[in-house]
Amino acid sequence: MKLEYVSEQLGDLPYMRLPMAQKLQKIIAKYKCKNILEIGFYHGVSSMYMAAMLDEMGGDRKLTTIDLIHTKEHEPNIEGLAEKLGLSHLLEVHYEQRSHLWRLMKLIEEGRKFDFCYLDAGHMWDDTGFAFFLVDKLLNDGGLILFDDLNWVAETGGWYKEWPEEERKTPAVERTWTLLVMQHSNYKKVWVRGNWALAKKKRKVPLLPFRF
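If you're wondering where the values come from, they're calculated on a predicted model, not measured in any experiment.

What counts, and at which threshold
Residues numbered from 1 in each chain as written. Predicted model: local features only at pLDDT ≥ 70, side-chain atom pairs only at ≥ 80, totals over all residues. Heavy atoms only, no water. Helix = DSSP H or I, 4+ residues; strand = E, 2+ residues; numbered from the N terminus. Rg over C-alpha atoms; globule rule 2.2 N^0.38 Å. Contact = heavy atoms within 4.5 Å. Areas by Shrake-Rupley, 256 points an atom, 1.4 Å probe, with all protein chains shown as cover. Lys, Arg positive; Asp, Glu negative; His and termini not counted. Charge placed at Lys NZ, Arg CZ, Asp CG, Glu CD.

Peer 1: Explain the overall build of the chain to me, please; I cannot follow it from the model alone.
Peer 2: Looking only at helices and strands, one finds 9 helices and 7 strands in the chain. Taking 2.2 N^0.38 as the reference for a compact globule, 212 residues should give roughly 17 Å; the C-alpha atoms of the chain span a radius of gyration of 18 Å, in line with that estimate. Considering only C-alpha atoms, the chain reaches an extent of 65 × 50 × 30 Å along its principal axes. Contacts in the chain between residues far apart in sequence, at least 24 positions, make up 74% of those at least 6 positions apart. Carbon and sulfur atoms make up 52% of the accessible area of the chain, which amounts to about 11600 Å² in all. Each charge class in the chain can be summarised by its mean position, and for the 30 positive and 30 negative side chains these summaries are 10 Å apart.

Peer 1: Honestly, the environment of V45 in this entry has me stumped. Any pointers?
Peer 2: Relative to the elements of secondary structure, V45 occurs in helix α3 (residues 45-57). Here the alpha-carbon distance between V45 and L13, two residues 32 residues apart in the chain, equals 7.0 Å. The residues touching V45, leaving out its near neighbours within four places in the chain, are L10, L13, P14, Y15 and M16.

Peer 1: How do you make sense of the environment of A121 when you look at a structure like this?
Peer 2: Take A121: it is sitting in the loop between β4 (114-119) and α6 (125-138). Separated by 75 residues in sequence, A121 and S46 have C-alpha atoms that sit 13 Å apart. The residues contacting A121, other than those within four sequence positions of it, are I39, G40, H100 and T128.

These figures come from the coordinates and say nothing about function on their own.
Here it is, written out as structure tokens:
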């Protein structure tokens, strides 16, 4: 399914726009991603774009996506959009009562593995940093993680007014990227562009047998 058609059907629904989806498609196609993990879908706009990409690529592919239970009340919601576009068969949707972090634990318990993760939820230091730690356990060697809203701060949205001013004014996703991802020995920077930052998990070199 072409992204242009998806864009026409989605109209002005927030948040991802066609040019961003086209950039995302280049990543997914270049690295031949089959199993995608999305954290944070809201209405499901980005989900529809990624499902359409998988549909166009063909084969055995799936998008597993997570958000909070209140998103089910959105009009339209992710399941409604998927049904409208005929993409439901490519989606595994999880609604969580409190946090996407719990579902990530369950996926680890199930032994799930993914080629690509689009992280667009939480945005604060604690949940973003811990999400990276959990996603690392879910990514295949050579897999990718794309951080959205790299420079977002809670202060601009009027969020978390009861929190300390420093926390509200600090771009926590960027701090996660700089202090955790870029200092992790098993990750390397692919690029940083605007509010997006893409990292690749290194492939492990098998140890040669050693004899005394």
